[in-house]
Amino acid sequence: MTAEKTTDNLPRILVVDDELAIRRFLHMVLSSEEFSLYEAENGHAGLAAAAAFRPDVILLDLGLPDLDGIEVIKRIREWSPVPIIVLSVREHENDKVSALDAGADDYLTKPFGVGELLARIRAALRRSLLEIPEPLFISNDLQVDLGSRRVTVNEFDISLTPTEYDILRFLVTHAGKVLTHGQILKQVWGMTNLEQPHVLRVNISNLRRKIESDPSRPQHIITEPGVGYRLR
Amino acid sequence: MLEAARLRKKDGRDVVVGYVESHGRSETDALLDGLELLSRKEVNYLGVALPEIDLDAILSRKPQIVLVDELAHSNAPGSRHEKRWQDVEEILEAGIDVYTTVNIQHFESLNDVVTQITGIIVRETVPDRLLDLAFEIKLIDIPPEDLLQRLNEGKVYIPDQAAKAIEKFFRPGNLMALRELSLRRTAARVDDQMRAYMETQSIAGPWPTAERLMVCVSGSPYSEKLIRATCRLAEELKAQWFTVYIETPVGGRHMRENRERIWQNLRLAEGLGAQVASVTATDVTDAVMEYASRHNITKIVMGKPKKPRWREIFQPPVVDRIIRRSGAVDVVIVNFEQEKNAAASNVPKRRSPFEARGYAASLLLVAAATVLCELLRPFLEATNMVMFYLLAVVIASVRLGRKPAIASAFMGVLAFDFFFVPPRMTFVVADTQYLMTFLGLFVVGVVISTLVARARERAEVMRDREVQTASLYYLSRDLAASANIDAVLKAVLRNVEEALNAQVVIMLPEGERLDILATSDGLTLDMKEQAVADWAFRNSHPAGRATDTLVSADLIYLPLQTPSSVLGVMGVKLENQHAYHSRENRRLLDAFATQAAMAMERIRFSRQAEHAQILQARENLERALLNSISHDLRTPLVSVTGVLYSLKEEGTHLSDRARRELLDSACSEAERLNRFVGNLLDMTRIEAGAIRLNVELCDIQDLVGCALAVVEQRIGSRPVEIQLPDDLPLVFMDLVLMTQVLVNILDNAHKYAPAESTIEVSATTDNDWLSLEVADRGTGVPEHDLKRVFDKFYRIPIPEGADGTGLGLSICKGIVEAHGGRISAENRTGGGLRIVIALPIAKTGELNHDS
């Protein structure tokens, strides 16, 4: 479902956070840019606002007073695929994973920089606007052609195992967005239980060795510790 | 008293009647009407129910004022206290005011004067100190004629039994004298009050002379009178007075009984307000004069010599000697009537169980001497045979005691006369020179036996005292070695049991009650005994056997008392029933109790000191922590707010570059604050044991990559060299936490190494461990501090001063150790620090190449 644009053409962002300071900050940052901003201070208000204003991106705080953030995500996901970016604090990786598994698209750890925030918002908007994923992915020296199943780094062809390619393809189709271990495992291996997560790690490690110029300082496949991976 | 009470009640005070006996007098009954009467206690004594004051009822009712008639009354046996004035003392201590009545003859210090006046010995007395305590004394003065009229009208209560005595008592002459005594006593008290008032107002006045009186006591029954007389004199002269007991080696017969009497006399003197002292000396006169000069005595009070004149031949009376030596000190000679049996107090006379046997033995000795002499008669002159009899006397006095020895002297003389002095076999003496021999034998016998008996008594006393001192010493020694309460209790129990041949129980307060904490074998206390112990504890006063409170108890209870508090109660049951009254035993028991109390207090204090120390140390640490944290939290905030303020105020004046620099610094400081808060949180979680590891098999390369991603902005252009072998196994770890560890270490290396030097990250494995190393080219750490690097708040000392919290590495340690790993630091050759993290390799951690 494509997002509908409003008459004034600005993408709509809904911020659901109970802390006034955060809302004020986001208001300052976002409404001056190319977005129009809506605010809700608790879960129920957020659900109502989501239904009323049909935002293009939702920024959802996990620590809401009335409803569990996960619960909010589930309810929204019942009727809308709108991108949801979760705002969380550090050390709560489990919460992030649960949120992502429940349907959130990405997360930001407080305190976050504005640059990162805007990047994620734009990426989410871009993804949601696309009907079909682009066949060609280019990022610096990496080029992935999904149509012809060809991966090149600095114009050099890279030979990947089928599993490695599947992983990379999955990452590319969700480029910029974080994917949990569980999601990748399910997509590539069809596993629903995480019996052997190391198989993923091993493959990622091999992938990195093949496509990263310095596998110890990956530029493309970024580990989100405790959560999953993200292709930048 | 009743009228005064009614007035108070009208004023609104809470007045109750504790004990007023109207004896059917209508006047009294009328006055009692309207006042709250507390019930009396009925004490059964010999089948008769005697009404007494109900002390507990008064104490629990807690009125403001209670009326207690007849202060000098003696309570029936079985009551808590012997005397009613002791009951009143307890009531006063509970904070309740008391109205009471007393007659002039009940004053302790006036007791013998009254006896002198009336010829009647009054046994019920009240100590003067209690009367002096009184807030107000009201003299009910009535002319003798009026009193006699009241008597005739039946308004004065007379118990039937005492009718005759009272008749004698109520003679006009007596009444007049007693009235004068009352007036004088009251006047003296008013005088005291006036003097006190003058003192507080600093009114100059005719101050009394600074007289100081001294009186000596002995075991003589006259001592008591002397003491009372001195007391009266001291009051008249407004002088301080001292009572001294001079102990000489001469001793005298009945030394034990003497000591009892002396003790009682000293107690009396103290009760009357004297300062008592005991002095050991060889010569009485010397001792008296020495004491007098040392204490600036102005008058020595002595009694008139009572001994018959002929005794004075041998020894001038003490009075004379002292008068001669008195110098500048006055000597006051006091007279008193001889009293027949008054002072023969209930001192148990020591019975010698061997008396009959002693005489028999001495007879035997004399017989033996006689036989011996008979055998030697052909060879010895009669006069020489006396020696054998002398020998017999000496043996008798050494072995048998004084009386048998004298008996043997006497028998020896007779035997000698009968068997060996011509004409033999008769008591007739031919040569009168033998009379001298008889006399000599007899005198020598008496003298020797006396000397020996005295010496033996002395030795016994010394031995007893030595035993006592020894037992005290053992107790002190044991107590000094005790490190806790149990040891103290055991030591006390053991020592008291041994020293006094007794059973002991020690009770300490547990909450509201007293609990038995230690007891001798076989000793149990019933409810009654426990109540007595309880009383002793609450009132800090000995109770039970041989005391003046609750004397019907089985044991004697002594409070374990220190100057600051009462710690408990020690109950003692002596094997020998008579031993309860012995002064030495009481003294020893008191000493034991004091020692035990002090030892317990010592332990309590040392434990308190320990706690205080621990608390102090903890407080210090907490304070240091808070200071450090508050400083570290504030410092970045200062930068941030400073930058923001200057941007706010000066924003427009600043160049772009300046503005950007300010903003950069604010950003990095804010991030630093964020990291610090994160560190704090980590630290508290580690401390609380709340670290939960989400372990998974992870790739070390992944770990390094994540850590570098976090720090790359901070370390800027500094080169980081990474050497990771390709075949590193996967390791079980919590990636998030280990990233934090590596980040902290990298931050550390960055902070302490010069800007352009390289940080090296490498990993190696051996069979069980994977070692991850981070090495820098900084200043390193002083050798002795290497171990402390991972302590909380330790900062590596660098000349420029350290910033940062010192928490980073300790967090690393906490996390690594939670993984079952180890972290260590060492200095590199060539300078710099190397930190090594060793993590256990999982058994199944082989690389699993999947296809």
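A brief look at the structure comes next. (Residues numbered from 1 in each chain as written. Chains lettered and ligands numbered in written order. Predicted model: local features only at pLDDT ≥ 70, side-chain atom pairs only at ≥ 80, totals over all residues. Heavy atoms only, no water.)

With respect to the pattern of salt bridges
So, step 1. Summed over all chains, the structure comprises 49 salt bridges over all chains.
So, step 2. Its salt-bridge partner being K299 of chain B, residue E211 of chain B comes within 3.2 Å of it at the nearest N-O pair. Taken as a pair, E211 of chain B in the loop between helix 9 (172-200) and strand 7 (212-217) and K299 of chain B in strand 10 (residues 299-303) lie far apart in primary sequence, 88 residues in all. Pair check on accessibility: E211 of chain B and K299 of chain B agree, each one buried.
So, step 3. Connected through shared salt-bridge partners, D106, E116, R120, E224 and R230 of chain A make up one network. (Salt bridge = Lys/Arg side-chain N within 4 Å of Asp/Glu carboxyl O. Helix = DSSP H or I, 4+ residues; strand = E, 2+ residues; numbered from the N terminus. Buried < 20%, exposed > 50% of the residue type's maximum accessible area, 1.4 Å probe, protein only.)

A closer look at a negative patch on the surface
Residues and elements named next belong to chain A.
So, step 1. Taken together, the side chains of D18, E19, E41 and D66 define an acidic patch exposed on the protein surface.
So, step 2. With respect to the element layout, D66 can be found in the loop between strand 3 (57-61) and helix 3 (69-79).
So, step 3. Using a relative accessible area of 34% as the deciding quantity, one classes D66 as partly exposed. (Patch = residues over 30% accessible without salt bridge, like charges linked within 9 Å, V, L, I, M, F, W, Y side chains within 5 Å. Areas by Shrake-Rupley, 256 points an atom, 1.4 Å probe, with all protein chains shown as cover. Lys, Arg positive; Asp, Glu negative; His and termini not counted. Charge placed at Lys NZ, Arg CZ, Asp CG, Glu CD.)

A closer look at the state of the cysteines
Residues and elements named next belong to chain B.
So, step 1. For the coordinates displayed, the defined rule picks out zero disulfides over all chains.
So, step 2. Its sulfur unpaired, C706 is 8.9 Å from the next cysteine sulfur, which belongs to C698.
So, step 3. Judged by its relative accessible area of 6%, C706 is buried. (Disulfide = S-S within 2.5 Å.)

Observations regarding the sheet that holds strand 1 (residues 15-19) of chain B
Residue and element names in this part refer to chain B.
So, step 1. Read from one edge of the open sheet, four strands run 2-1-5-6, paired in parallel fashion. The sheet terminates laterally at strand 2 (36-37) and strand 6 (97-100), the two strands that pair on one side only.
So, step 2. Two elements, strand 5 (residues 65-68) and strand 6, share four bridges in a ladder whose sense is parallel. Looking at the pairing, L67 lines up with Y99 of strand 6.
So, step 3. Relative to the sheet, helix 4 (residues 84-93) contacts strand 1, strand 5 and strand 6, its axis offset from that of strand 5 by approximately 180°. (Pairing = 2+ DSSP bridges. Contact = heavy atoms within 4.5 Å. Axes fitted to C-alpha atoms, helices over the stretch in contact; angles between N-to-C directions.)

Brief notes about the pairing of strand 13 (residues 513-519) of chain B
Residue and element names in this part refer to chain B.
So, step 1. Here strand 12 (residues 502-510) runs beside strand 13; their pairing, made up of six bridges, is antiparallel. Looking at the pairing, P509 lines up with L514 of strand 13.
So, step 2. Between strand 12 and strand 13, which follow one another and run antiparallel, lie two residues, and G511 among them has a positive phi close to 70°.

Some thoughts on the packing of aromatic side chains
So, step 1. If you walk through the whole model with that rule in mind, you get six aromatic pairs over all chains.
So, step 2. Between Y38 of chain A and F53 of chain A, the aromatic rings sit 4.4 Å apart at their centres with planes inclined by 25°, giving stacked as the arrangement. With a gap of 15 residues between them, Y38 of chain A in strand 2 (residues 36-40) and F53 of chain A in helix 2 (residues 43-53) connect regions that are remote in the sequence.
So, step 3. Overall, the relative accessible area of 24% leaves Y38 of chain A in the partly exposed class.
So, step 4. The class of F53 of chain A is partly exposed, set by a relative accessible area of 39%.
So, step 5. With a centroid separation of 5.5 Å and an interplanar angle of 50°, the aromatic rings of Y473 of chain B and Y474 of chain B are classed as tilted. (Phe/Tyr/Trp six-rings, centres within 6.5 Å; stacked < 30°, edge-to-face > 60°.)

Quick notes on the interface of chain A and chain B
So, step 1. Opposite the 26 residues of chain A that make contact, chain B presents 30 residues.
So, step 2. Note on chain A versus chain B: buried area summed over both sides is about 2300 Å², and carbon and sulfur give 49% of it.
So, step 3. Measuring nitrogen to oxygen at the nearest pair gives 2.6 Å for the salt bridge that ties R201 of chain A to E696 of chain B.
So, step 4. Counting the contacts that link chain A with chain B gives eight residue pairs in polar contact (both at pLDDT 80 or more).
So, step 5. Listed by contribution, the elements that provide at least two residues to the side of chain A that touches chain B are helix 4 (93-102), helix 7 (181-189) and helix 8 (198-211) of chain A.
So, step 6. The element contributing the most residues to the side of chain A that touches chain B is helix 8 of chain A, with nine residues.
So, step 7. The residue inventory of the side of chain A that touches chain B, partitioned by class, reads nine nonpolar, 10 polar and seven charged. (Buried area = accessible area lost by both parts, 1.4 Å probe. Polar contact = N/O pair within 3.5 Å; in protein donor to acceptor, adjacent residues only side chain to side chain. Nonpolar A, V, L, I, M, F, W, Y, C, P; charged D, E, K, R; others polar.)

Regarding the sheet that holds strand 23 (residues 833-840) of chain B
Residues and elements named next belong to chain B.
So, step 1. One open sheet accounts for five strands, arranged 18-20-21-23-22; its pairing is mixed. Each edge of the open sheet carries a strand with a single partner, namely strand 18 (720-723) and strand 22 (822-827). Averaged over all pairs of adjacent strands, the angle between strand axes in this sheet comes to 15°, irrespective of strand direction.
So, step 2. Inspection of the sheet shows strand 20 (residues 759-765) paired to strand 21 (residues 769-775) by six bridges, in the antiparallel sense. Following the sheet pairing, S762 is matched in strand 21 by E773.
So, step 3. Its contacts with the sheet place helix 24 (residues 735-752) against strand 20, strand 21, strand 22 and strand 23, and it is angled at close to 170° to strand 23.

Brief notes about helix 1 (residues 20-31) of chain A
Residues and elements named next belong to chain A.
So, step 1. Here helix 1 is 12 residues long and its end C-alpha atoms lie 16 Å apart, about the 16 Å a rise of 1.5 Å per residue gives.
So, step 2. Within the sequence span of helix 1, burial applies to I22, R23, L26, V29 and L30. Taken around the axis of helix 1, the buried residues stretch over an arc of 135°, which confines them to a single face. Exposed side of helix 1, more than 90 degrees from the buried face: L20, A21, R24 and M28 are the residues found there.
So, step 3. Taken together, the buried residues of helix 1 touch strand 1 (12-16), strand 2, strand 3, strand 4 (84-88) and helix 5 (114-129). (Expected span 1.5 Å × (residues − 1). Arc of directions from axis to C-beta.)

Examining helix 17 (residues 402-420) of chain B
So, step 1. For helix 17 of chain B, built from 19 residues, the straight-helix expectation of 27 Å at 1.5 Å per residue is met to within 8% by its first-to-last C-alpha distance of 26 Å.
So, step 2. Among the residues of helix 17 of chain B, those classed as buried are P404, A405, A407, S408, A409, G412, V413, A415, F416, D417 and F420 of chain B.

Considering the packing of helix 7 of chain A against helix 8 of chain A
Residues and elements named next belong to chain A.
So, step 1. Between helix 7 and helix 8, the least distance of the axes is 10 Å, while the angle of their chain directions is 85°. In terms of their interaxial angle, helix 7 and helix 8 are classed as roughly perpendicular. Facing H181, I184, L185 and W189 of helix 7, the residues of helix 8 in contact are V199, L200, R201 and N203.
So, step 2. Looking at the contact of helix 7 with helix 8 residue by residue, the classes come out as five nonpolar, two polar and one charged. (Parallel < 35°, antiparallel > 145°, perpendicular 65-115°, else oblique.)

Side note on a nonpolar patch on the surface
So, step 1. A surface patch of nonpolar side chains, about 350 Å² in accessible area, is lined by L439, V443, V447 and L451 of chain B.
So, step 2. By the secondary structure assignment, L439 of chain B is in helix 18 (residues 433-480).

Some details on unusual backbone geometry
So, step 1. Residues K110 of chain A and P111 of chain A are joined by a peptide bond in cis, for which omega reads -10°.
So, step 2. Structurally, P111 of chain A is set in the loop between strand 5 (106-109) and helix 5.
So, step 3. A positive phi angle is found at N501 of chain B, which is not glycine, with a value near 50°.
So, step 4. Along the chain, N501 of chain B turns up in the loop between helix 19 (485-500) and strand 12.
So, step 5. With phi around 50°, S540 of chain B is a residue other than glycine that occupies positive phi space.
So, step 6. Within the fold, S540 of chain B resides in the loop between helix 20 (527-539) and strand 14 (543-544).

Here we look at the pairing of strand 1 of chain A
Residue and element names in this part refer to chain A.
So, step 1. Burial of strand 1 is extensive: five of the five residues sit out of reach of the surface.
So, step 2. Here strand 1 shows a buried face lined by R12, L14 and V16 and a second buried face lined by I13 and V15.
So, step 3. Direction of pairing for strand 1 relative to strand 2: parallel, over a ladder of five bridges. The residue bridging R12 from the neighbouring strand is S36, located in strand 2.
So, step 4. In the sheet, strand 1 pairs with strand 3 via four bridges, with the strands oriented parallel.

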